[in-house]
Amino acid sequence: MSMFCYQCEQTSKGSACTITGVCGKDPQVAALQDLLIYACKDISRYAHRAYEAGQRRDEIDHFTIQAIFATLTNTNFDAAAIHQFLREAVKIKAIARQLATEATGRDEEFDCPVRWEAAVEDRDELIGLGESVSIQNRLDLLGDDLTGLQELITYGIKGLSAYAVHAQKLGQQDPEIYAFIHRAFDYLTGKPESAEALLALAMECGRINLRTMEILDGANTGAYGHPEPTRVRVTPVKGKCIVVSGHDLKDLEELLKQTEGLGLNVYTHGEMLPATAYPGLKKYKHLVGNYGGAWQDQQKEFEQFPGAILMTTNCLQKPKNSYQDRIFTSGVVGWEGVRHITGHNFAPVIAAALAQPGFSEDAEGKYIMTGFAHNAVMKVAGQLIEAIKAGQIRHIFLIGGCDGAKSGRNYYTEFAEKVPKDCLILTLACGKYRFNKLEFGDIGGIPRLLDAGQCNDSYSAIQIALTLSKAFGCSVNELPLSFILSWFEQKAVAVLLTLLYLGVEKIKLGPSLPAFTTPAVLNVLVDKFKIGPITSVEADLAEALGK
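Just so it is clear, the structure is predicted and the values come from calculations on it, not from any experiment.

Analysis parameters
- Residues numbered from 1 in each chain as written.
- Predicted model: local features only at pLDDT ≥ 70, side-chain atom pairs only at ≥ 80, totals over all residues.
- Heavy atoms only, no water.
- Helix = DSSP H or I, 4+ residues; strand = E, 2+ residues; numbered from the N terminus.
- Rg over C-alpha atoms; globule rule 2.2 N^0.38 Å.
- Buried < 20%, exposed > 50% of the residue type's maximum accessible area, 1.4 Å probe, protein only.
- Contact = heavy atoms within 4.5 Å.
- Areas by Shrake-Rupley, 256 points an atom, 1.4 Å probe, with all protein chains shown as cover.
- Axes fitted to C-alpha atoms, helices over the stretch in contact; angles between N-to-C directions.
- Left-handed = near helix turned anticlockwise from the far one by under 90°.
- Nonpolar A, V, L, I, M, F, W, Y, C, P; charged D, E, K, R; others polar.
- Pairing = 2+ DSSP bridges.
- Right-handed = clockwise from strand over helix to strand, strands pointing away.
- Salt bridge = Lys/Arg side-chain N within 4 Å of Asp/Glu carboxyl O.
- Parallel < 35°, antiparallel > 145°, perpendicular 65-115°, else oblique.

Undergrad: Is there a simple way to think about the overall build of the protein chain in this case?
TA: Helix and strand counts for the protein chain stand at 19 helices and 16 strands. Taken over the C-alpha trace, the protein chain has a radius of gyration of 23 Å; the compact-globule value for 547 residues is 24 Å, and the two agree within 12%. Seen along its three principal axes, the alpha-carbon backbone of the protein chain occupies a region of about 65 × 60 × 45 Å. Counting the 547 residues in the protein chain, one finds 61% classified as buried. Sequence-distant contacts, at least 24 apart, represent 75% of the contacts inside the protein chain between residues at least 6 apart. Put simply, the protein chain shows about 20200 Å² of open surface, and 49% of that area lies on carbon and sulfur atoms.

Undergrad: Whenever I open this one, the packing of helix H2 (residues 58-69) against helix H3 (residues 79-104) confuses me. Can you help?
TA: Relative orientation of the contacting elements H2 and H3 amounts to 145°, with a least axis distance of 10 Å. For the element pair H2 and H3, the recorded crossing hand is left-handed. Within the contact between the two elements, H2 uses Glu59, Ile60, Phe63, Gln66 and Ala67 and H3 uses Phe85, Glu88, Ala89, Ile92, Ile95, Ala96 and Leu99. Partitioning the contact of H2 with H3 into residue classes produces nine nonpolar, one polar and two charged.

Undergrad: Help me understand unusual backbone geometry in this model?
TA: Note: most residues except glycine have negative phi, and most peptide bonds are trans. The omega torsion across Asn314 and Cys315 is 20°, close enough to zero to call that bond cis. The step from Gly510 to Pro511 runs through a cis peptide bond, and the omega angle for that step is 0°. Relative to the assigned elements, Pro511 resides in the loop between strand S15 (508-510) and helix H18 (519-529). With a phi close to 55°, His344 is a non-glycine residue in the positive phi region. Summarising the element assignment, His344 is placed in the loop between strand S7 (339-341) and helix H12 (347-355). Take His344: its relative accessible area is 25%, and that puts it in the partly exposed class. Residues other than glycine seldom take positive phi values, yet Lys530 does so here, at roughly 60°.

Undergrad: What's the story with the pairing of strand S10 (residues 423-427) in this structure? I'm lost.
TA: Regular strands place their side chains on alternate faces of the sheet. In terms of residue burial, S10 counts as a mostly covered element, since five of its five residues are buried. Of the two faces of S10, the one lined by Cys423, Ile425 and Thr427 and the one lined by Leu424 and Leu426 are each fully buried. Summarising the sheet, strand S9 (residues 395-401) and S10 pair through four bridges and their orientation is parallel. Across the sheet, the residue bridging to His395 is Cys423, located in S10. Where the polypeptide runs from S9 across helix H15 (residues 410-418) and back to S10, its parallel neighbour, the crossover connection is right-handed. Relative to strand S13 (residues 449-451), S10 runs parallel, the two sharing three bridges. Considered in S13, the bridge of Ile425 is made with Leu449.

Undergrad: Looking at this structure, I do not really get the pattern of salt bridges. What am I missing?
TA: Once their charged atoms are close, side chains differing in charge can pair, the charge on each being opposite to the other. Within the structure shown, the criterion is met by 35 salt bridges. A salt bridge links Arg56 to Asp58; the shortest N-O distance between them is 2.5 Å. Assessed through its relative accessible area of 28%, Arg56 is described here as partly exposed. Owing to a relative accessible area of 34%, Asp58 belongs among the partly exposed residues under this scheme.

Undergrad: How should the sheet that holds S13 be read in this particular structure?
TA: Pairing between the strands of a sheet is mediated by backbone hydrogen bonds and can be parallel or antiparallel. Taken in spatial order, the six strands of this open sheet run S13-S10-S9-S14-S15-S16, and their pairing is parallel. The sheet terminates laterally at S13 and strand S16 (532-533), the two strands that pair on one side only. Pairing geometry for S9 and strand S14 (residues 481-486), over six bridges, is parallel. Each bridged residue has a counterpart across the sheet, and for Ile396 the counterpart in S14 is Leu481. In this fold helix H19 (residues 537-545) packs onto S9, S10, S14 and S15, with an angle of close to 135° to the strand it touches most, S9.

Undergrad: What exactly am I supposed to notice about the packing of H2 against helix H7 (residues 175-189) here?
TA: Working note: a packed helix pair is described by the angle between its axes plus the distance between those axes. At a minimum axis separation of 10 Å, H2 and H7 run at an interaxial angle of 65°. Taken together, the axes of H2 and H7 are roughly perpendicular relative to one another. Once H2 is placed against H7, the crossing between them reads as left-handed. Along the contact surface, H2 presents Ile60, Asp61, His62, Thr64, Ile65 and Ile68, while H7 presents Tyr178, Ile181, His182 and Phe185. When grouped by side-chain class, the residues that make up the contact of H2 with H7 number six nonpolar, three polar and one charged.

Undergrad: Can you walk me through the sheet that holds S7 in this structure?
TA: Ordered in space as S4-S3-S2-S5-S6-S7, the six strands form an open sheet in which the pairing is parallel. Of all strands in the sheet, those with a lone pairing partner are strand S4 (287-290) and S7, marking the two edges. Across this sheet, the average inter-strand angle for adjacent strands is 30°, counted without regard to direction. Bridge analysis of strand S2 (residues 241-245) against strand S5 (residues 308-311) gives four bridges, and the strand direction is parallel. When the sheet's bridge partners are listed, Ile242 is paired in S5 with Ala308. Across the sheet, helix H9 (residues 249-259) is in contact with S2, strand S3 (265-268), S4, S5 and strand S6 (327-330); its angle to S3 comes to roughly 165°. Lying on the sheet, H12 is in contact with S2, S5, S6 and S7; it crosses S2 at an angle near 130°.

What follows is the structure, given as structure tokens:
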């Protein structure tokens, strides 16, 4: 069987994965995920009408964002888990239809060419139905431009759904976010053919993602306090150990609670590094530091790690046999054959860690800084503003985003190295692993490298930019500030849409442009926002500093 997927940056030959995913996703899982998105759109038609009539149900909204999140790149490639989502979708659709009927007084049954729910117990049949609703089918029907715009919106919704799941796990949500998802998915089921209307909906997606990131920021800081500039050890210490990767702070907190006093050391990995800066998490003394680097290096790093491994969210690579018996997943993340933790019962993870040798001795102590989220930066905002006015800080470069294995990403290391010494680097997400262990020094006591956190913390970078623009009485585009972004998966798409919604111009995006952004669509983005691909470090630096 074949597949068609072009939602991530490393897609095969820069166009689409059609045989198997470069990410590790097989055609069966791809088909089931396509069908799950189709099912969510089906549910949203009813949920949207209920919302319009003033009615909603948490179980509908929470299921929808979790199911959408499960389809992100390198999140859940377990066919059985996606099948279970589809089983649950049947129940949720019935609830949504009943709610819409009660709210509107009309019992509507919308045309559904693919009767996915009728075959929900037959996985092979579901796979076949998934193939029938693939992107390739819409490309054949609508063409590249309209399909690409529809997918741009869908991928933005995937990204903001991930942020919404994290916030909801900490008890924070906003019905406006769910209402938008249902409205947008309802609109997409109508096979819209207006490129102008689709682009407007994409900008609305950017607005809603900004609100979602605000909710998530409030959830994280409300639960764990504002991140503080923190010196983090990046070399191992003696003892048995667990490494936690992904993004979910609640999972990390629960693991830290359950391991306290057991003689186990806990390390962060990948996007979990910024968790070490939250007061409510770093108070656990057995959270001893960060191990390894970005997500794409995990197979090598996890093989060498002498303990248990917990993956809390994306990004998960196919586990190697050498550590498959000591890696675990939680939340929406999953891979066939990997044990999944439910209900924050981390006893199996702890048992696996105690059975491993751990690190036999302390390595030489090496440290990096993190924790420069918006609250920390705002505390020195006056000093920062005065340094810019005095010419001590000439320019700020936001160099951030996803990391990945595809060639061309060394650009970001070279760019950071060549940033002039009178300029600051603001960074976030796993793209920082390309340069965050280098020495950059400081300018008048302000570190030249400011790590604002995870991709989930993009709100911090936006707030810093907006605060500076208010202080200088100008737009973000008039600031001595440049966005040099790397992208990989759908959260990066959502953040890009937010930046475009805010009117940010001249964003440099790389290492390659999205395959779903056709030349016609790209021309619109270039004309309206002056967005462009990265070129050479020298040329892009010269362009930025010539502002």
